[in-house]
Amino acid sequence: MKFSEVIGQEEVKERLVQMVEEGRLPHAIMLCGPAGTGKMALAVAFASYLLGEDNAMIQKLAHPDLHFTFPTIKLPSMSADHKPVSDDFSHEWHDLIVKGPYFTFDQWLCEMGAENQQAIITAGESDDLVRKLSLKSSQGGYKVSIIWLPERMNIECANKLLKLIEEPPTQTVFIMVCEDPDRLLETIRSRVQRIDVKKLPDETIRQALIERRGIDENAAQRISRLANGSWLKAMELLTVGTENEQFFDLFVMLMRLAYQRKVRELRKWSETLANFGREKQKRFLLYILRMLRENFMYNFHQEELVYMTQDEENFARNFSRFINEANILPLYDLTNVAIRDIGQNANSKIVFFDYALKMIVLLIQK
């Protein structure tokens, strides 16, 4: 993959190339930013640049000096004492990444066949990485280790990786692709050069939709605004039967049932949400935050401030008056508490039923 294939992020591309050209390439880099901004695309493009873009092996992402580390799960077929490592899922990873370096964590979980398991990077992974990087470069150049979501390392793995970063093998470059750097050990963060990858501008997404996906001007304009700086979100909005549509239906159901005070139906609603994985539950609550904000802003009748699909906007015409100055902040607080509780592994059925019951009270505030 070449830098020209990465959507936007020109400033980061130039910075990476400049570090090499000026002979000040650090041995450990951490690309930080929200999902969908192109961090993995930048990591793969930079690895290709270091290893030789015209090399046939790197074009197939099968170069012997390119190593990928990523969160894994424990399969029922694995022995009790086995610590899962990336090599256990190398075929699944390769199948996913050769389709393109823009993918979600949930897509990876699906590729592995995970259900509600928590994917992590184990101590076995760091041991495996030490072994791989101790070998000489097969091509006589760099060895590149791309670590996707290092914040998902367990503490034993993080401590072992810290030692590896402190005393890196010769001509080894670590490229971490991180979305939540605060979850990493401070000692690791202090030993890598952090590069922030910002959200993509609406115009960049709009142009890419037109040029790469053949989307018409009007649709590209609306999607680029809704994507909120994420190419992944833009791709999701293009797909029929998307998660966004499912979330919209669940949001509408919640608001209608809460307004009608149908407690029994709200309990069924909460049971439906409880069947989702925790990552999807959190994404739904984030979707609610967005819809609360959009409906509140809709009352201002400022089109440039509203970022909704046509269906969302149609619903907002009659619903938005219920989201007002009296309840917007309590609604935000209520939703953020639910996100926190889900993140702390609280009983999701109880969390969502309690959330729905409190929604009844907040919706009637004037």
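The following refers to the structure shown. Here the structure is a predicted model, which is why all the values come from computation and not from measurement. (Residues numbered from 1 in each chain as written. Predicted model: local features only at pLDDT ≥ 70, side-chain atom pairs only at ≥ 80, totals over all residues. Heavy atoms only, no water.)

**Here's the deal with the environment of F251**
Step number 1: With respect to the helices, strands and loops of the structure, F251 is situated in helix α12 (residues 243-260).
Step number 2: On the basis of relative accessible area, F251 is assigned to the buried category, the value being 0%.
Step number 3: C-alpha of F251 to C-alpha of L285: the two residues are 34 residues apart in sequence and 9.4 Å apart in space. (Helix = DSSP H or I, 4+ residues; strand = E, 2+ residues; numbered from the N terminus. Buried < 20%, exposed > 50% of the residue type's maximum accessible area, 1.4 Å probe, protein only.)

**Description of the side chain of H67**
Step number 1: Within the fold, H67 resides in strand β2 (residues 66-69).
Step number 2: Setting aside residues up to four positions removed in sequence, H67 forms contacts with K132, L133, V144, S145 and I146. (Contact = heavy atoms within 4.5 Å.)

**What about the environment of V144?**
Step number 1: Topologically, V144 is positioned in strand β3 (residues 143-148).
Step number 2: Here V144 falls in the buried class, since its relative accessible area comes to 0%.
Step number 3: If we skip the residues at most four places from it in the chain, V144 touches A47, L50, L51, D65, L66, H67, V173 and I175.

**Overview of the pairing of β2**
Looking down a regular strand, the side chains alternate between one sheet face and the other.
Step number 1: What you see with β2 is no split at all: L66 and F68 on one side and H67 and T69 on the other are buried throughout.
Step number 2: Bridge analysis of β2 against β3 gives four bridges, and the strand direction is parallel. The partner of L66 across the bridge, within β3, is V144. (Pairing = 2+ DSSP bridges.)

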